[in-house]
Amino acid sequence: MRWVLLVALLALGACGTARAPRTGTEAAGDWSCVPYVRARTGLPIRGDAWEWWEGGAAFARSRVPRAGSVLVMMRTSRLPQGHVSVVARVVSSREIRVDHANWASGRGKGRVARDQPVLDISPGNDWSVVRVWYPPVNGYGATAYPAYGFIHPG
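Residues numbered from 1 in each chain as written. Predicted model: local features only at pLDDT ≥ 70, side-chain atom pairs only at ≥ 80, totals over all residues. Heavy atoms only, no water.

Colleague: Could you give an account of the overall build of the protein, with specific residues and numbers?
Modeller: Within the protein, the regular secondary structure consists of 3 helices and 8 strands. From first element to last, N terminus to C terminus, the protein shows the α and β order α-α-α-β-β-β-β-β-β-β-β. Within the protein, buried positions represent 43% of all 154 residues. A fraction of 50% describes how many contacts in the protein between residues 6 or more apart in sequence connect residues 24 or more apart. (Helix = DSSP H or I, 4+ residues; strand = E, 2+ residues; numbered from the N terminus. Buried < 20%, exposed > 50% of the residue type's maximum accessible area, 1.4 Å probe, protein only. Contact = heavy atoms within 4.5 Å.)

Colleague: With reference to specific residues and values, describe the side chain of Ser-85.
Modeller: Note that Ser-85 resides in strand S3 (residues 83-92). Residues in contact with Ser-85, not counting those within four places in the same chain, are Val-37, Ser-69, Val-70, Leu-71, Val-98, Asp-99 and His-100.

Colleague: A description of the environment of Asp-48 should follow, citing residues and the corresponding values.
Modeller: With respect to the helices, strands and loops of the structure, Asp-48 is situated in the loop between helix H2 (33-41) and helix H3 (52-55). Classification of Asp-48 by relative accessible area gives partly exposed; the value is 24%. For the pair Asp-48 and Val-84, spaced 36 residues apart in the sequence, the C-alpha separation amounts to 9.2 Å.

Colleague: Which residues make up the pairing of strand S6 (residues 129-134), and what are the values?
Modeller: In this structure, strand S5 (residues 112-120) lies alongside S6, joined through 3 bridges in antiparallel fashion. Paired with Asp-120 across the two strands is Val-130, which belongs to S6. Sheet topology places S6 next to strand S8 (residues 145-152); 2 bridges connect them, and they run antiparallel. If you follow Val-129 over to S8, its bridge partner there is Pro-146. Where S6 meets strand S7 (residues 139-140), 2 bridges bridge the pair, whose relative direction is antiparallel. Residue pairing in the sheet places Tyr-134 in a bridge with Gly-139 of S7. (Pairing = 2+ DSSP bridges.)

Written as structure tokens, this is what we have:
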């Protein structure tokens, strides 16, 4: 059981890498979150996902989501490279939907997920701590992830 958990955590930890896909298709299962978000937004930011917050200093940044902005999650022991996703839409002051790559593990690893719920669970309603929809359990995951905020392209 520990081995399965370790493999799942390692697979999830790869989501923030700058690894480019081997093919140009979203369904191929080779996407990492960074090249996917870069391709979707045109932002010329380099580095692992957690480095995008500083790398995006030339762009407008805030703790308020808008459609088309990039949610930048911090690196943690569970997300050693962090994670980035594109805000597809704002549902409410506490919920957004994102498009992102490589969030799931197993057969979902490296794939693009669209319109996935993200919930703001921060005490100050400032998007500094979020929970992310986890398809294998068909619900929000149990982990609270710290987030820097949103980069707003153009």
